[in-house]
Amino acid sequence: MTVHFIGAGPGDPELLTLKAARVIGACPVCLYAGSLVPAEVVAHAPRGARVLDTAPMTLDETHAEIVAAHKRGEDVARVHSGDPSLYGAIAEQIRRLEADGIGYRIIPGVPAYAAAAAELGQELTIPEIAQSIVLTRMSMKSTSMPAGETLENFARTGATLAIHLGIRALREIERQLVPHYGPDCPVVVAYRVGWPDQRLIRGTLSDIRGRVRAEKITRTALILVGPALERARDFRDSALYDPARPHVLRPQGGGR
């Protein structure tokens with residue numbers, strides 16, 4: 001049998017990949033994070049499948065379900081929100097699978113930052129403004145961050161920041177980022193992006209805390225920070241389609 005770690009995307013069931021839907025539909029066991037994965041996603045599970053919400057379960061309990069499925073020779077769809085490579089907590093699951101000789105595969109999903117950018121209708125890497133995206137998080141009550149992986153260090157690069165688990169730490173985010181980005185740097189808080197009740201709150205480092213407080217948002221939100229979020233119109237075109245910069249697929253003169 002195989003355990004399939006599946007990225008369900010940020011919330012919109014239509015952002016589930018065709019491969020993910022096919023695999024969920026073929027697995028007799030489906031374990032999913034019910035607080036973050038819509039019911040429509042696990043509805044792909046076959047009739048009679050064992051479908052369990054892992055939100056109230058411990059790692060030991062979920063692994064026991066997988067071991068039991070392994071003994072029965074049944075494949076498992078282990079469904080996570082977004083993309084399982086980002087804060088999916090799959091590393092510790094994989095460690096246990098390998099210790100028990102259980103095979104696994106990973107099926108990627110649409111990450112929240114990509115879905116948020118799509119809903120905003122803009123690119124996050126603007127020529128000569130920002131060409132890098134840093135995916136990070138705040139510590140809060142979660143595992144502590146490694147030494148050196150601080151917002152202040154990331155902010156020195158001027159990159160676009162995608163901050164997870166930080167909605168309750170907006171004051172601290174403002175304190176650390178204003179010296180590097182300035183108080184007027186644009187910020188977007190994407191709440192439950194991809195869900196029917198999603199909200200996109202635009203502001204700046206100096207006022208986003210008040211805007212979020214007014215919306216009463218306290219969880220399940222991604223924070224985007226950086227100059228690329230400004231609806232800029234005054235920037236140079238990228239070199240990708242520049243006729244003065246030929247490349248192997250577009251020789252000088254357009255290849256005609």
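A brief structural summary. (Residues numbered from 1 in each chain as written. Predicted model: local features only at pLDDT ≥ 70, side-chain atom pairs only at ≥ 80, totals over all residues. Heavy atoms only, no water.)

Details of the sheet that holds strand β7 (residues 160-164)
- Strand order in the open sheet formed by 5 strands is β6-β7-β10-β8-β9, and the pairing between neighbours is mixed. Two strands in the sheet have a free side with no partner beyond their single neighbour: β6 (133-137) and β9 (199-204). For this sheet, the mean angle separating the axes of adjacent strands, direction not counted, is 20°.
- As judged from the 5 bridges shared by β6 and β7, these two strands associate in the parallel manner. Its bridge partner lying in β7, isoleucine 133 is registered against threonine 160. (Pairing = 2+ DSSP bridges. Helix = DSSP H or I, 4+ residues; strand = E, 2+ residues; numbered from the N terminus. Axes fitted to C-alpha atoms, helices over the stretch in contact; angles between N-to-C directions.)

Observations concerning the pattern of salt bridges
- The final tally for this structure, using the stated rule, is 8 salt bridges.
- The salt bridge involving arginine 50 is made with glutamate 65; its shortest N-O contact spans 2.9 Å. Highlighted residues: arginine 50 in strand β3 (residues 50-53) and glutamate 65 in helix α3 (residues 59-72), separated in sequence by 15 residues.
- Exposure remark for arginine 50: the relative accessible area of 40% places this residue in the partly exposed category.
- On the basis of relative accessibility, which here comes to 16%, the residue glutamate 65 falls in the buried class. (Salt bridge = Lys/Arg side-chain N within 4 Å of Asp/Glu carboxyl O. Buried < 20%, exposed > 50% of the residue type's maximum accessible area, 1.4 Å probe, protein only.)

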